[in-house]
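So the chains spell out like this:
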Number of protein chains: 2
Amino acid sequence: MKRTLFIALAMGLALVFGDPAKAQSADPLPSWNGGEAKQSIIDFVAKVTKQGSPDFVPPAERIATFDNDGTLWPEQPMYFQLIFAVDRVKELAPQHPEWKTKEPFASLLRDDVKAALAGGKQAILEILMATHAGMTTEEFEKIVKAWIAKAKHPTSKRPYTEIVYQPMLELLAYLRANGFKTFIVSGGGIEFMRPWVERVYGIPPEQVVGSSIKTKYEIHDGKPVLVRLPELNFFNDKDGKPIGIHTQIGRRPIAAFGNSDGDLQMLQWTTAGQGPRFALYVHHTDAEREWAYDRKSSIGRLDKGLDEAQAEGWTIVDMKQDWRLIYPHEMK
Amino acid sequence: MKRTLFIALAMGLALVFGDPAKAQSADPLPSWNGGEAKQSIIDFVAKVTKQGSPDFVPPAERIATFDNDGTLWPEQPMYFQLIFAVDRVKELAPQHPEWKTKEPFASLLRDDVKAALAGGKQAILEILMATHAGMTTEEFEKIVKAWIAKAKHPTSKRPYTEIVYQPMLELLAYLRANGFKTFIVSGGGIEFMRPWVERVYGIPPEQVVGSSIKTKYEIHDGKPVLVRLPELNFFNDKDGKPIGIHTQIGRRPIAAFGNSDGDLQMLQWTTAGQGPRFALYVHHTDAEREWAYDRKSSIGRLDKGLDEAQAEGWTIVDMKQDWRLIYPHEMK
């Protein structure tokens, strides 16, 4: 009883003498420079969380969706999942002597990614299926975990999970602290993301929407497994994003965050709902600290989306201007 | 300051003089008769929530999946979604004069459901596509909401949402109070459930896994919509259930609840994981208060599942013995 009394009094004292105003005034987005982009986020969150306001949104409906490649982590010099696939091709090559002369594998094994991808979508699909299918879901999870633990980004030489965007980590945390449920909605493979995004972004597997291949339920040695088949199930990009959101979340987001034309339909779908809505594009404008690309890039092209964002008044983050720092390791 | 002080002191007093032991001893499952089934649930929850125990499961991994038809609400004299479809056929008939002579619609319009379903899976698929496709997702949601608000079950004459199983509502609440995340994993249509399950079961749309048809993103009058197409996307039954769970949740449940052979693979998949696992079958044994059926029923057949449950020592709920009451309206 004495201990309980002590805790009760301590709580009482904290309430009486604590300074809640001070806690509230701490900047929730310290890696964002002050400006229109940062202010638009803070204004939106304040508006939808204010009890009694006409713009108040109940917590259950505070769904926020984030693209991954180029929005939460970089996508240059090429999508990281493609780098994973290339690494896998090299690891699997001893079991596939025929790859020495068969495209797109032959080029990959000569480190000529450009030539390998000259085969376009068909070549990419072949690389993905050869490296992402033919094992159980548990085996694939282990492969991804092992790769993400040891692989290094080609130019920064850092683990991929260390070059996520610090300002976006703060944004995710800020939204969750305000009752939002944060989802990833990516064109990337759902099973490539789930093994690490909970640890890195605080987003649990059930809040990841992505592209997928088909699986088959089988009993191996008396134990049920799901075998990954070399067949596309769903491509969660462009107009696939609203479909993926609808299938898996079943509720229209009130806020959506992307960086390319592949996110445009997600932003359209989000902002077309009734009540307060928020759409944001990360614009890669920082050739020194990250990369600068938009309308003409083959990866993460932002062209139609940039026009529509300007026309609709969506928030556009100018990485160079709006982000005080890019990666967590720059914080000191 | 005075008001804050008062709240602080009241909290202190509540902590000092409140009786937490009393709250803990209240029966969390009052509509369950004491017995093996009830005890097995309570033992499992106690085990996985006990800090420091070797069986402790962190809250993030406390995933529990529930079948719907026959597990959370009845499925007799036929699946309620099929009754919805029959009602829709009658409503749409004036726009389809050809249905007067075209099966399976002609039989349905003569109230001869049995004859209509004589066409087997093909007939059911035709009925479903004629009634579930050809509108936007928002329009379909309105149709379902309107039906569920006014339709009455043919024998009980009550709204369908009033004949959900009270013992299962208590079980859902009990699990959630112990940090579980509860999901529906049903063979029924995902869009047929989402409009009402949050209100009735406390399960939000993003925690519903079910069967679906394909949708297409289109712009209508400058506004993006998802149009429902007459083409099956995914059938979430039997070996589809582990696949649906893996695709949408991405994490293996630690507890699963079903009532038929259609749930067997979900229960196998759940119990095959490492660490403490729980599987439960609701066995329909109460012809007086509900229905009695199992091995030979065409709806909700429980045959192989019953054998496996007995062999594996899964919990089998004998509705007649284990449930003090069936529906919420029996509570007084």
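Higher on the page you've got the structure.
Residues numbered from 1 in each chain as written. Chains lettered and ligands numbered in written order. Predicted model: local features only at pLDDT ≥ 70, side-chain atom pairs only at ≥ 80, totals over all residues. Heavy atoms only, no water.

Undergrad: Quick rundown of the packing of helix 8 (residues 137-150) of chain A against helix 10 (residues 190-201) of chain A? Include the residues and the values.
TA: Residue and element names in this part refer to chain A. As a packed pair, helix 8 and helix 10 sit with axes 9 Å apart at the nearest point and diverge in direction by 55 degrees. In terms of orientation, helix 8 lies oblique with respect to helix 10. For the element pair helix 8 and helix 10, the recorded crossing hand is right-handed. Contacts from Phe140, Glu141, Val144, Lys145, Trp147 and Ile148 of helix 8 reach helix 10 at Glu191, Phe192, Pro195, Trp196 and Arg199. When the residues that make up the contact of helix 8 with helix 10 are grouped by side-chain class, the tally is seven nonpolar, no polar and four charged. (Axes fitted to C-alpha atoms, helices over the stretch in contact; angles between N-to-C directions. Helix = DSSP H or I, 4+ residues; strand = E, 2+ residues; numbered from the N terminus. Parallel < 35°, antiparallel > 145°, perpendicular 65-115°, else oblique. Left-handed = near helix turned anticlockwise from the far one by under 90°. Contact = heavy atoms within 4.5 Å. Nonpolar A, V, L, I, M, F, W, Y, C, P; charged D, E, K, R; others polar.)

Undergrad: Outline unusual backbone geometry, supporting the account with residue identities and numerical values.
TA: In the segment running from Gln76 of chain A into Pro77 of chain A, the intervening peptide bond is cis, with an omega of 0 degrees. Residue position: Pro77 of chain A is located in the loop between strand 1 (63-66) and helix 4 (80-92). Glu103 of chain B connects to Pro104 of chain B through a cis peptide bond whose omega is 0 degrees. Position of Pro104 of chain B relative to the elements: it lies in the loop between helix 4 (80-92) and helix 5 (105-109). In this model, Lys157 of chain A sits at a positive phi of 60 degrees, which is unusual for a non-glycine residue. One can find Lys157 of chain A in the loop between helix 8 and helix 9 (166-177). Judged by its relative accessible area of 58%, Lys157 of chain A falls in the exposed class. (Buried < 20%, exposed > 50% of the residue type's maximum accessible area, 1.4 Å probe, protein only.)

Undergrad: Tell me what's going on with helix 4 of chain A, and back it up with residues and numbers.
TA: Residue and element names in this part refer to chain A. An ideal rise of 1.5 Å per residue puts 18 Å on 13 residues; helix 4 measures up with 18 Å between its terminal C-alpha atoms. Summarising burial for helix 4: 10 of the 13 residues are buried, a large majority. Where helix 4 is concerned, the buried positions are Phe80, Gln81, Leu82, Ile83, Phe84, Ala85, Val86, Arg88, Val89 and Leu92. Here the buried face of helix 4 lies against helix 5 (105-109), helix 6 (113-117), helix 7 (120-132), helix 8, strand 2 (181-189) and helix 10. (Expected span 1.5 Å × (residues − 1).)

Undergrad: How would you explain the environment of Ala85 of chain B if you had to name every residue and give the values?
TA: Residues and elements named next belong to chain B. Tracing the chain through its elements places Ala85 in helix 4. For Ala85, a relative accessible area of 0% gives the class buried. Sequence separation of Ala85 and Asp43 is 42 residues, and the distance between their C-alpha atoms is 41 Å. Excluding anything up to four places from it in sequence, Ala85 contacts Ile127, Leu128, Thr131 and His132.

Undergrad: Lay out the packing of aromatic side chains in plain terms, naming residues and giving numbers.
TA: Centre distance and the angle of the planes are the two values used to describe a pair of aromatic rings. Evaluated as defined, the whole model comprises 38 aromatic pairs over all chains. Centre to centre, the rings of Trp147 of chain B and Tyr160 of chain B are 4.9 Å apart; their planes meet at 20 degrees, and the pair counts as stacked. Of this pair, Trp147 of chain B sits in helix 8 (residues 137-150) while Tyr160 of chain B sits in the loop between helix 8 and helix 9 (166-177); the two residues are 13 residues apart in sequence, bridging distant segments of the chain. Across the pair, Tyr160 of chain B and Trp147 of chain B agree in class, each one buried. The rings of Trp73, Phe80, Phe84, Phe140, Trp147, Tyr160, Phe192, Trp196 and Tyr201 of chain A are connected pair by pair, giving a single aromatic cluster. A cation over a ring is seen here: Arg228 of chain A above Phe140 of chain A, with NZ or CZ 3.9 Å from the ring centre. Across from the ring centre of Trp269 of chain A, 3.7 Å away, lies the NZ or CZ of Arg252 of chain A, which sits over that ring. (Phe/Tyr/Trp six-rings, centres within 6.5 Å; stacked < 30°, edge-to-face > 60°. Lys NZ or Arg CZ within 6 Å of the ring centre and 35° of its normal.)

Undergrad: Before we move on, can you summarise the packing of helix 11 (residues 240-248) of chain B against helix 12 (residues 264-271) of chain B with the specific residues and values?
TA: All names here are of chain B. Direction vectors running N to C along helix 11 and helix 12 enclose 55 degrees, while the axes themselves pass 7 Å from each other. Put simply, helix 11 runs oblique to helix 12. Side by side, helix 11 and helix 12 meet where Lys241, Pro242 and Ile245 of the first sit next to Gln265, Met266 and Trp269 of the second. Partitioned by chemical class, the residues of the contact of helix 11 with helix 12 number four nonpolar, one polar and one charged.

Undergrad: Quick rundown of the interface of chain B and chain A? Include the residues and the values.
TA: On the side of chain A, 44 residues touch chain B, which itself brings 44 residues to the contact. Across the interface of chain B and chain A, roughly 3,700 Å² is buried in total on both sides, 61% from carbon and sulfur atoms. For the salt bridge of Lys181 of chain B with Glu206 of chain A, the shortest nitrogen-to-oxygen distance reads 2.9 Å. For the pair chain B and chain A, the number of links is 25 residue pairs in polar contact (both at pLDDT 80 or more). (Buried area = accessible area lost by both parts, 1.4 Å probe. Salt bridge = Lys/Arg side-chain N within 4 Å of Asp/Glu carboxyl O. Polar contact = N/O pair within 3.5 Å; in protein donor to acceptor, adjacent residues only side chain to side chain.)

Undergrad: Quick rundown of the relation of the copies chain B and chain A? Include the residues and the values.
TA: The operation relating chain B to chain A is a screw motion whose rotation component is 180 degrees, with 0.0 Å of axial translation and a residual RMSD of 0.0 Å. Here the copies are linked by what is in effect a two-fold axis. The residues that chain B uses at the interface reappear at the interface of chain A in 100% of cases, marking a shared surface. (Least-squares fit on C-alpha atoms with pLDDT ≥ 70 in both.)

Undergrad: Could you give me a rundown of the sheet that holds strand 5 (residues 255-258) of chain B, with the residues and numbers involved?
TA: Residues and elements named next belong to chain B. Strand order in the open sheet made by the seven strands is 4-3-2-1-5-6-7, with mixed pairing throughout. Of all the strands in the sheet, the pair left with one neighbour each is strand 4 (223-234) and strand 7 (315-318). Between one strand axis and the next, the sheet turns by 30 degrees as a mean value, whatever way the strands run. Examined bridge by bridge, strand 6 (residues 278-283) and strand 7 share four bridges and lie parallel to one another. Each bridged residue has a counterpart across the sheet, and for Tyr281 the counterpart in strand 7 is Ile316. Helix-sheet contacts for helix 9 involve strand 1 (63-66), strand 2 (181-189), strand 5 and strand 6, and the interaxial angle to strand 1 is about 165 degrees. Helix 12 contacts strand 1, strand 2, strand 5 and strand 6 of the sheet and is inclined by roughly 165 degrees relative to strand 5. (Pairing = 2+ DSSP bridges.)

Purely geometric numbers; function is a separate question.
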